[in-house]
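# Structural description and commentary
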Amino acid sequence: MSDVRQRTTPMGTLLGSLTLLLLWQGASMLLDRPILPPPTVVVPLFLKALPGDLGLHLLASTARVLAAIFLAVITAAPLGLALGQLPRLDRIIGPLVAIIYPIPKIIFLPVIYVLLGITDLSKITLIAIIIFFQILVVVRDEAAGLRRELIVSVRSLGAGRRALFRYVYLPASIPAVLTALRVSVGTAVAVLFIAEQSLTSWGLGYYIVVETYQVLMYPEMYTGIMAMGLLGAILYVLIHTIERRYAKG
């Protein structure tokens, strides 16, 4: 675990949040324009709006992200393990992964809309594709990097491919999956914001752009931004906590 992650404590998070609010307040006072209301206005409004429509938009976005994470994990982890275990299969699929991996997946949104229709499934699929490749590459490299001696020693005890998967490859891949999720969750939330801006009626992206920004409701717009930031932060902390507890055994 890196020193940066070790220094991430509740007190440090609280101090960081207070610093951000102070900088926000100072910037609002300096700009002195409606486009940047102070946190003294936005935070109470956020707390008031959260039990209402804002909370429903937050739940809609959360459901989409969680569904995308689930879909990505159940597809990318087994394929990554297979590529790591089977070099011949990796030689066939690996070049395709290398070509697609660096492409910004958001450009596939129109294609996904055409294939799946303008539905929640299309938005979930787009986010899942982003997380899918992150998990696939990390799990494949982790499985391929396992020491040969470990595999041979387990096989010498009579273990077949299923036992190797259960007792060697799967335990080794779980930290890789969690790391990939932690790294990609910010990108997933950002893409969710773009995907929710149109052709839907629920979600934080729709709330921020359509219901508030386009009608110049700037304080309400910032409550949506706070909610989306809260979603990303909660997902990050949750995955990080699971990762740390798993590492401690």
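What counts as what
Residues numbered from 1 in each chain as written. Predicted model: local features only at pLDDT ≥ 70, side-chain atom pairs only at ≥ 80, totals over all residues. Heavy atoms only, no water. Helix = DSSP H or I, 4+ residues; strand = E, 2+ residues; numbered from the N terminus. Buried < 20%, exposed > 50% of the residue type's maximum accessible area, 1.4 Å probe, protein only. Contact = heavy atoms within 4.5 Å. Areas by Shrake-Rupley, 256 points an atom, 1.4 Å probe, with all protein chains shown as cover. Polar contact = N/O pair within 3.5 Å; in protein donor to acceptor, adjacent residues only side chain to side chain. Core = buried A, V, L, I, M, F, W, Y, C linked by side-chain atoms within 4.5 Å. Salt bridge = Lys/Arg side-chain N within 4 Å of Asp/Glu carboxyl O. UniProt positions renumbered as here; feature names shortened; annotations may be inferred. 1 Å grid on protein atoms, 1.4 Å probe; cavity = no way out; pocket = protein on both sides within 12 Å on 5 of 7 lines; lining within 4 Å. Points joined across faces, edges and corners; volume = space filled by probe spheres on them. Nonpolar A, V, L, I, M, F, W, Y, C, P; charged D, E, K, R; others polar.

## Considering the overall build of the chain
The helix and strand tally for the chain stands at 11 helices and 0 strands. Evaluated residue by residue, the chain yields a buried proportion of 38% over its 249 residues. Restricting the contact set of the chain to residue pairs at least 6 apart, pairs at least 24 apart contribute 71%. Summed over all atoms, the accessible surface of the chain reaches about 14,200 Å², with 70% contributed by carbon and sulfur.

## So, the side chain of Thr200
Position of Thr200 relative to the elements: it lies in the loop between helix H9 (161-195) and helix H10 (204-212). In this structure the side chain of Thr200 is engaged in a polar contact, spanning 3.3 Å, whose partner is the side chain of Arg64. Among the polar contacts made by the side chain of Thr200, one reaches the main-chain carbonyl oxygen of Trp202 at a distance of 3.2 Å. Beyond its immediate stretch of four places on either side in the chain, Thr200 contacts Arg64, Lys123 and Tyr206.

## So, H10
A large share of H10 lies buried, amounting to 7 of its 9 residues. When H10 is considered as a whole, its buried residues turn out to be Leu204, Gly205, Tyr206, Tyr207, Ile208, Val209 and Thr212.

## Thoughts on the nonpolar core
If you look at the biggest cluster of nonpolar residues, it comprises 51 residues, and the most contacted ones within it are Ile131, Ile135, Leu136 and Leu181. Of all elements in the fold, only helix H3 (39-49), helix H4 (53-85), helix H7 (120-144), H9, H10 and helix H11 (218-248) reach the threshold of two or more residues within this core. Among the elements that make up this core, the one with the highest residue count is H9 (13 residues). Excluding anything up to four places from it in sequence, Ile135 contacts Ala72, Val73, Ala76, Ala77, Val177, Ala180 and Leu181. Grouped together as the second largest cluster of nonpolar side chains are 7 residues, Leu109, Ile112, Ile130 and Ala195 included.

## Re the environment of Leu164
Note on placement: Leu164 falls in helix H9. For the pair formed by Leu164 and Gln85, sequence separation is 79 residues and the distance between their alpha carbons is 9.9 Å.

## Description of the pattern of salt bridges
The full count for this structure, using the stated rule, is 5 salt bridges. Note that Arg140 is salt-bridged to Asp141, the shortest N-O span being 3.3 Å. Using a relative accessible area of 17% as the deciding quantity, one classes Arg140 as buried. Each of Arg64, Asp120 and Glu196 takes part in one network of salt bridges that share partners.

## A few points about the UniProt feature "transmembrane region" (unreviewed entry) in the chain
According to UniProt, the positions carrying the feature "transmembrane region" (unreviewed entry) are residues 56-81, 93-115, 121-139 and 221-239. Here residues 56-81 runs as 100% helix and 0% strand, with 38 Å between its end C-alpha atoms. Span residues 221-239 is 100% helix and 0% strand, its end C-alpha atoms 28 Å apart.

## A look at the layout of surface pockets
As a volume, the second largest pocket reaches approximately 220 Å³. Along the walls of the second largest pocket sit Ser17, Leu20, Leu21, Trp24, Val43, Tyr222, Ile225 and Met226, which together make up its complete lining. Among the elements of the structure, helix H2 (10-31) and H11 are those that each provide at least two residues to the lining of the second largest pocket. With 4 residues, the single largest contributor to the lining of the second largest pocket is H2. By residue class, the composition of the lining of the second largest pocket is 7 nonpolar, 1 polar and no charged.

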